[in-house]
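# Notes for the structure review
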Amino acid sequence: MPVSEVKTIIIGSGISGLSSAHFLAKKTNDFLLLEAKNRLGGILQTIKEDNFICENGPNTLLLNNDAIIELVKDCGLWEDVIYPSKQTNKNRYVLNRNEIVNIPLNIKSFISSPLISTKAKFRIAAEPFFKRHSSDVTVLSFITKRFGREFHDKLIEPFLTGVYAGDTSKMSAKYTLKLLWELEQNYGSVLLGLIKRKNKEIKSFNLPNGINELISKVSKNIENNILSNCQVLKIEKNKNSYKVITDNHIFICEKIISAVPAYVLQKLIWDEQLIKVLQNVMYNPIDVFHYGLSKKHIHNLKKGFGILTKPSDNKNFLGILFSSQIFEHVSSNDTELYTVLVGGERQKELCLKESKELNKIIFEELKDLINYKGEILFSNHYRWSKGIPQYNLNQSSLIKEINKFENLNQNFHITGNFFNGISVSDCVKKAKIKANLISND
């Protein structure tokens, strides 16, 4: 097997790995990014077919830190950024007795909302009188203590289902509800903290040819430093260097950035304690369905972002994104594109069904909600058997062991979406930090 030397190896070509390579390339060319598959981008996947632009992974990206802004500008895409239509941010929905109802987004609409009972509204107003938590607890426990169970069940649980597809009785409040946790810790009350903090507008965006356009641009800029179809099998430490053993090559390097999922990393390293905590990182399955429908046959056309569900709704989907309402460019003027998310912690068994059977179930529920009387013009289905990593109560021990491992193994850096931030923009931010550490070591 051939042996080569390179200063830095980056493992994984998802947004974390590609962003790490992008920022590292600003300072050195002595690195190589290894990808096991023949395609780049990880969970960022755009499908273009029949005048529809579909995202199998995240549907929007956030412009909430300097690193993601820098990346977009470096790729020459800043002028191409497309923001959601204004109506989508104003109209977000949940189900209430099988009716599509607006989520209250301000005090006036909250007071008049039929979603929350009068008793529950008074309970929420009492939030400042409850003591702050001294240690991490589950989301269910945190929200119930501070705002009451009804608020959790009808608003918080649906919202988090849309982000993590998880179980709030297992999820970490400290790491999942980071803003609310920090407000409570800093001000003793979430409500008082919200009043005192300065609100920042966080914009989301897409691109003319879908999110994969960002992947294509980043990849093009570093194409000579990317080696696809190269699966890493094992990493060995040799004093001041590392041996990266792949299925067709051996690389000797001084520095490593691991940007692969927890379930991949735990098979590559030698540290038993870190392996143990990585094995405890759960990934929930997600099925993604896209439906292109004729607008004239939709008799309950809601303008907004989408619908989230809660367990008591007894639906076979977690949420529906009104994709062409959010971004008009993803379908033609006479059609609508819907993205339906299925599975997660509470519906794992659905992700075991055959695609054809599940598709029939999901479309019937969608058709009923929007009162659709026509045929399906376009459909797409993608299954993520290990989709979204869960930020459960083991997050603290996971982060502790990762930090310990990095301290013991100089120039070995770990990043990814399974800790310290799950969003694409979080991953880009962490990648820039790791790239700067690598270049300064």
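No experiment lies behind these values; they were computed from the predicted model shown.

Thresholds, definitions, all that
- Throughout, residues of each chain are indexed from 1 in the direction in which the sequence is written.
- It should be noted that, the model being predicted, local features are given only for residues of pLDDT at least 70 and side-chain atom pairs only at 80 or more, the latter also being counted only at that level, while totals for whole chains, interfaces and linings use all residues.
- Calculation of side-chain values draws on the structure's entire complement of heavy atoms; hydrogens and water are dropped beforehand.
- Helix and strand assignments follow DSSP, with helices taken as H or I runs no shorter than four residues and strands as E runs no shorter than two, numbered in order from the N terminus.
- Only protein chains enter the accessibility calculation, which uses a 1.4 Å probe; a residue whose area is less than 20% of its type maximum is buried, one above 50% is exposed, and one in between is partly exposed.
- Contacts are residue-level and defined by heavy atoms, with any inter-residue pair within 4.5 Å sufficient.
- Any carboxyl oxygen of Asp or Glu that lies within 4 Å of a side-chain nitrogen of Lys or Arg is treated as forming a salt bridge with it.
- Being paired, for any two strands, means DSSP has found at least two bridges between them.
- Angles run from 0 to 180 degrees between N-to-C directions of axes, and those axes are lines fitted to C-alpha atoms, restricted for helices to the stretch in contact.
- Method remark: on a 1 Å grid restricted to protein atoms, a set of points is classed as a cavity if a 1.4 Å probe fits but cannot get out and as a pocket if it is open with protein on both sides within 12 Å along at least five of seven lines; lining residues have an atom within 4 Å of a point.
- Grid points are joined across faces, edges and corners, and a volume is the space filled by probe spheres set on the points.
- Put simply, Ala, Val, Leu, Ile, Met, Phe, Trp, Tyr, Cys and Pro go in the nonpolar bin, Asp, Glu, Lys and Arg in the charged bin, and everything else, Gly too, in the polar bin.
- To sort the angles, those under 35 degrees are grouped as roughly parallel, those over 145 as roughly antiparallel, those from 65 to 115 as roughly perpendicular, and the leftovers as oblique.
- Here a crossing is called left-handed whenever its near helix is offset anticlockwise from the far helix by less than a right angle, and right-handed whenever the offset is clockwise.
- A 3.5 Å cut-off defines polar contacts: any pair of N or O atoms within that distance qualifies, except that in protein one atom must be a possible hydrogen donor and the other a possible acceptor, and neighbouring residues in sequence count only when both atoms are side-chain atoms.
- Of all possible arcs, the one meant is that of the directions from the helix axis to the C-beta atoms.

### So, the overall build of the chain
The number of helices and strands found in the chain is 17 helices and 20 strands. Principal-axis analysis of the C-alpha atoms places the extent of the chain at approximately 65 × 55 × 40 Å. Taken over 441 residues, the chain has a buried fraction of 54%. For the chain, the share of sequence-separated contacts (at least 6 apart) that also reach a separation of at least 24 residues comes to 71%.

### Observations concerning the pattern of salt bridges
It is possible for side chains bearing opposite charge to pair when their charged atoms get close. For the structure shown, the criterion picks out 17 salt bridges. We note a salt bridge from Lys 26 to Asp 74, for which the minimum N-O separation is 2.6 Å. Pair noted here: Lys 26 is in the loop between helix H1 (15-25) and strand S3 (31-34) and Asp 74 is in helix H2 (residues 66-74), with a separation of 48 residues, a long-range link. A relative accessible area of 46% means that Lys 26 is categorised as partly exposed. A single salt-bridge network, built from bridges that share partners, covers Lys 26, Glu 70, Asp 74 and Lys 432.

### Examining the sheet that holds strand S16 (residues 306-308)
Reading across from one edge, S8-S7-S16-S17-S18-S15-S19 is the order of the seven strands in this open sheet, with mixed pairing throughout. Lying at the two open borders of the sheet, with one neighbouring strand each, are strand S8 (99-102) and strand S19 (376-389). When the angles between neighbouring strand axes are averaged without regard to direction, this sheet yields 30°. Across nine bridges, strand S15 (residues 283-294) lies against strand S18 (residues 335-343) in antiparallel orientation. The residue bridging His 290 from the neighbouring strand is Thr 339, located in S18. Its contacts with the sheet place helix H15 (residues 355-370) against strand S7 (93-96), S8, S15, S16, strand S17 (319-321), S18 and S19, and it is angled at close to 60° to S15.

### Observations regarding the sheet that holds strand S2 (residues 8-11)
The strand order S10-S3-S2-S14-S20 describes an open sheet built from five strands, whose pairing is parallel. Edge positions in the sheet fall to strand S10 (226-227) and strand S20 (412-414), since each of these pairs with one other strand and no more. Sheet analysis places S2 next to S3, joined by four bridges and oriented parallel. Looking across to S3, one finds that Ile 10 is bridged to Leu 33.

### Structural notes on empty space enclosed by the protein
Applying the stated rule across the entire model yields one cavity of 30 Å³ or more. Taken as a whole, the largest cavity holds about 90 Å³ of empty space. In terms of lining, the largest cavity is formed by Ile 53, Cys 54, Glu 55, Asn 59, Asn 206, Leu 321, Ser 323, Ile 326, Phe 327, Val 330, Leu 337 and Thr 339. Elements with a minimum of two residues in the lining of the largest cavity: strand S5 (52-55), helix H14 (323-326) and S18. The dominant element in the lining of the largest cavity, judged by the number of residues it contributes, is S5, at three residues. Here the residues of the lining of the largest cavity are counted per class, giving seven nonpolar, four polar and one charged.

### Quick notes on unusual backbone geometry
The residue Asp 50 is not glycine, and still its phi comes out positive at about 50°. At Arg 97, a residue that is not glycine, the phi angle is positive and equals roughly 55°. Inspection of the secondary structure puts Arg 97 in the loop between S7 and S8. Here Arg 97 falls in the exposed class, since its relative accessible area comes to 80%.

### Focus on the packing of H1 against helix H11 (residues 212-221)
One can describe the packing of H1 onto H11 by two numbers: an axis separation of 10 Å at closest approach and a directional angle of 40°. Considered as vectors, H1 and H11 are oriented oblique to each other. Classified by chirality, the crossing of H11 by H1 is left-handed. Of the residues in H11, those in contact with Ile 15, Leu 18 and His 22 of H1 are Leu 214, Ile 215, Val 218 and Ser 219. Taken together, the residues that form the contact of H1 with H11 break down as five nonpolar, two polar and no charged.

### Focus on H1
Residue pairs three or four apart in sequence face the same way in an α-helix, which turns once every 3.6 residues. For H1, the buried fraction is high: 10 of the 11 residues fall into the buried class. The complete set of buried residues in H1 reads Ile 15, Ser 16, Gly 17, Leu 18, Ser 19, Ser 20, Ala 21, His 22, Phe 23 and Leu 24.

### Some words on the pairing of S5
Residue alternation in S5 divides its side chains into two sets, Phe 52 and Cys 54 and Ile 53 and Glu 55, and both sets are buried. In terms of strand pairing, strand S4 (residues 46-49) meets S5 through four bridges, oriented antiparallel. Counterpart to Ile 47 in the pairing with S5 is Cys 54. Once S4 ends, the chain turns through two residues before running back antiparallel as S5, passing Asp 50 with a positive phi of about 50°.

### Side note on the side chain of Thr 168
Counting through the fold element by element, Thr 168 comes out in the loop between helix H7 (149-164) and helix H8 (173-176). Side-chain polar atoms of Thr 168 contact the side chain of His 152, separated by 2.8 Å. Residues contacting Thr 168, with those up to four places away along its chain left out, are Thr 138, Val 139, Leu 140, His 152, Glu 157 and Leu 160.

### Some points on helix H6 (residues 139-147)
Within H6, burial applies to Val 139, Leu 140, Phe 142, Ile 143, Arg 146 and Phe 147. All buried residues of H6 fall inside an arc of 165° around its axis, so they share one side. Buried residues belonging to H6 abut helix H5 (118-125), H7, H8, helix H9 (178-187) and helix H10 (190-196). At the exit of H6 stands Gly 148, carrying a positive phi of roughly 100°.

### Some thoughts on the side chain of Ser 425
Structurally, the position occupied by Ser 425 is in helix H17 (residues 424-440). According to the relative accessible area criterion, Ser 425 is buried, its value standing at 2%. When neighbours within four sequence positions are excluded, Ser 425 is seen to be in contact with Leu 62, Asn 64, Asn 65 and Ile 68.

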